[in-house]
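Coordinate inspection notes
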Amino acid sequence: MSASKHSSHGAELSPLGKGSAYRDTYTPELLFPIERQIKRSEIGLAADELPFVGEDLWNAYELSWLNQRGKPVVAIGTFRVPADSPRLIESKSLKLYLNSLNQSRFGDVASVRNVIADDLSQAAGAPVAVELQPLAGHPLRTIDWPPGDSLDELDIDVDTYSPSPDFLRTGADGEVSETLHSHLLKSNCLVTGQPDWGCVVVRYTGRPIDRAGLLRYICSFRLHNEFHEQCVERVFCDILRRCEPRSLAVWARYTRRGGLDINPFRTTGEFAAPDNVAEIRQ
């Protein structure tokens, strides 16, 4: 599905922020993909020259279907959408789609996984990896603090609440390899304006990034309207351009909404994706 030629961000026709009648039988048409390039063009990215690789990791906690005898099965789902897919999937549409499985019968877990993987891959325009863990198998979930040094105790003044890359600067010559994080990331949904809360992690090798400036920059997203994936790409590109690290990774873990949390990860390629370890607010 292509975004409307007359839309500014591709989400105006989505179910987000609108009343929706829930369907409880399988309806793949509920998925609403949005072209990534619309927002990437705003930050100067060409589709064939992305400065990053990575993925959008989704965790789904409200996932259920019926077995062949009509007995409910409940599970946790993990979906990995590659960052180079041409489309992202709007979160409310994914919630509605998953709820459409509630009264649908499937022969086994593999059948459900294959259906979800096929539908999400078609919507995203690239293969989406899907893992389902029925609660009958006693899956465990790890909650831990993010790696590296916290920026949040820095004593700074903040008076700017729209993204301001001018805050980003490097210090003295020399090279460091470090990981920094902050729980102070807040942005707003691109369509509804509702708040999105997250923890952002920056890992890099290069000249030392000024920590106070980085924290001011993170706080400057507080009134910014953009989807999770788009915010992380904006952070990544601003740091890459202003601080010129030799290698860089940026990821965020956002608190869940509608039984889903979204965790985008972008890197220049030298850093592996982090483990799926939940942030304390997730």
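Here the structure is shown first, and the text comes after it.
Residues numbered from 1 in each chain as written. Predicted model: local features only at pLDDT ≥ 70, side-chain atom pairs only at ≥ 80, totals over all residues. Heavy atoms only, no water.

**Some words on the overall build of the protein chain**
Note the cut-off: Here a strand is any run of E in DSSP of at least two residues, a helix any run of H or I of at least four, and the numbering for each starts at the N terminus. Remark: exposure states derive from per-residue accessible area (1.4 Å probe, protein chains only) relative to the maximum for the residue type, with buried under 20%, exposed over 50%, and partly exposed in between. Here, residues are in contact when the closest pair of their heavy atoms is within 4.5 Å. In this description, accessible areas are obtained by the Shrake-Rupley approach with a 1.4 Å probe, and a residue is regarded as covered only by the protein chains that are shown.
If you tally the helices and strands in the protein chain, you get 5 helices and 10 strands. Taken along the three principal axes of its C-alpha coordinates, the protein chain extends 65 × 45 × 35 Å. Counting over 282 residues, the protein chain shows a buried share of 51%. Of the contacts made within the protein chain by residues no fewer than 6 positions apart, 75% connect residues no fewer than 24 positions apart. As presented, the protein chain carries roughly 13100 Å² of accessible surface, and 49% of it is formed by carbon and sulfur atoms.

**Overview of the packing of aromatic side chains**
Selection rule: Only Phe, Tyr and Trp rings take part, Trp by its six-membered ring, and two of them pair if their centres are within 6.5 Å. Stacked means planes under 30 degrees apart, edge-to-face means over 60, and tilted covers everything else. Charge-over-ring placement is defined geometrically: NZ (Lys) or CZ (Arg) within 6 Å of the ring centre, and within 35 degrees of the ring normal.
Under the defined criterion, the tally for this structure stands at 4 aromatic pairs. Note on F52 and F236: the rings are 5.6 Å apart at their centroids and 85 degrees apart in plane angle, and the pair reads as edge-to-face. With a gap of 184 residues between them, F52 in the loop between α1 (37-42) and β2 (53-66) and F236 in helix α5 (residues 228-243) connect regions that are remote in the sequence. With respect to burial, F52 and F236 carry one shared label: buried. Each ring, one from Y217 and one from F221, has its centre 5.3 Å from the other, and the planes form 85 degrees; the classification is edge-to-face. For the pair Y217 and F221, a shared accessibility class is recorded, and that class is buried. Against the face of W197 rests K186, its NZ or CZ located 6.0 Å from the ring centre. Directly above the ring of Y61 sits R256, whose terminal nitrogen or CZ lies 3.8 Å from the centroid.

**Considerations on the sheet that holds β2**
As a reminder of what qualifies: By this definition, two strands are paired if DSSP reports at least two bridges between them. Note on method: axes are straight lines fitted to C-alpha atoms, helices fitted across the in-contact stretch only, with angles between N-to-C directions ranging 0 to 180 degrees.
Spatial strand order, β5-β3-β2-β10-β9-β8-β7-β6: 8 strands in an open sheet with mixed pairing. Whereas interior strands pair on both sides, the edge strands pair on one side only; in this sheet they are β5 (129-134) and β6 (149-150). Strand direction decides the pairing type here: strand β8 (residues 195-206) and strand β9 (residues 247-254), joined by 8 bridges, are antiparallel. Within β9, the position partnered with R203 by the bridge is A249. Set on the sheet, helix α4 (residues 211-219) makes contact with β6, β7 (176-188) and β8; between it and β7 the angle comes to about 25 degrees. Contacting β2, β7, β8, β9 and β10 (260-267), α5 runs over the sheet at an angle of about 155 degrees to β9.

**Side note on α4**
Applicable threshold: For the purposes of these results, a polar contact is taken to be a pair of N or O atoms within 3.5 Å, where, inside protein, one atom must be able to donate a hydrogen and its partner to accept one; residues adjacent in sequence count only when each atom of the pair is a side-chain atom.
All of the buried residues along α4 are G213, L214, L215, Y217, I218 and C219. Summarising the contacts, the buried residues of α4 are in contact with β7, β8 and α5. The residue sitting at the N-terminus of α4 and contributing the capping side-chain oxygen is D210; that oxygen lies 2.6 Å from the backbone nitrogen of G213.

**So, empty space enclosed by the protein**
Left-over empty space is what a probe sized like a water molecule reveals as it rolls over the atoms. This is how the line gets drawn: Cavities and pockets were defined on a 1 Å grid built from protein atoms only: a cavity is a group of points that admits a 1.4 Å probe but offers it no way out, a pocket is an open group of points flanked by protein on both sides within 12 Å along at least five of seven lines, and a lining residue is one with an atom within 4 Å of any such point. Grid points are joined across faces, edges and corners, and a volume is the space filled by probe spheres set on the points.
Counted according to the given criterion, the structure contains 4 cavities of 30 Å³ or more. Looking at the largest cavity, its volume works out to about 70 Å³. Lining the largest cavity we find E55, L57, W251, A252, R253, N263, P264, F265 and P274. Mapped onto the lining of the largest cavity, the elements with two or more residues apiece are β2, β9 and β10.

**Section: unusual backbone geometry**
The backbone of H138 shows a phi angle near 55 degrees, a positive value even though the residue is not glycine. Its place among the elements puts H138 in the loop between β5 and β6. Exposure remark for H138: the relative accessible area of 66% places this residue in the exposed category. Of note, E244 is a non-glycine position whose phi angle comes to about 50 degrees, a positive value. Its location among the elements puts E244 in the loop between α5 and β9.

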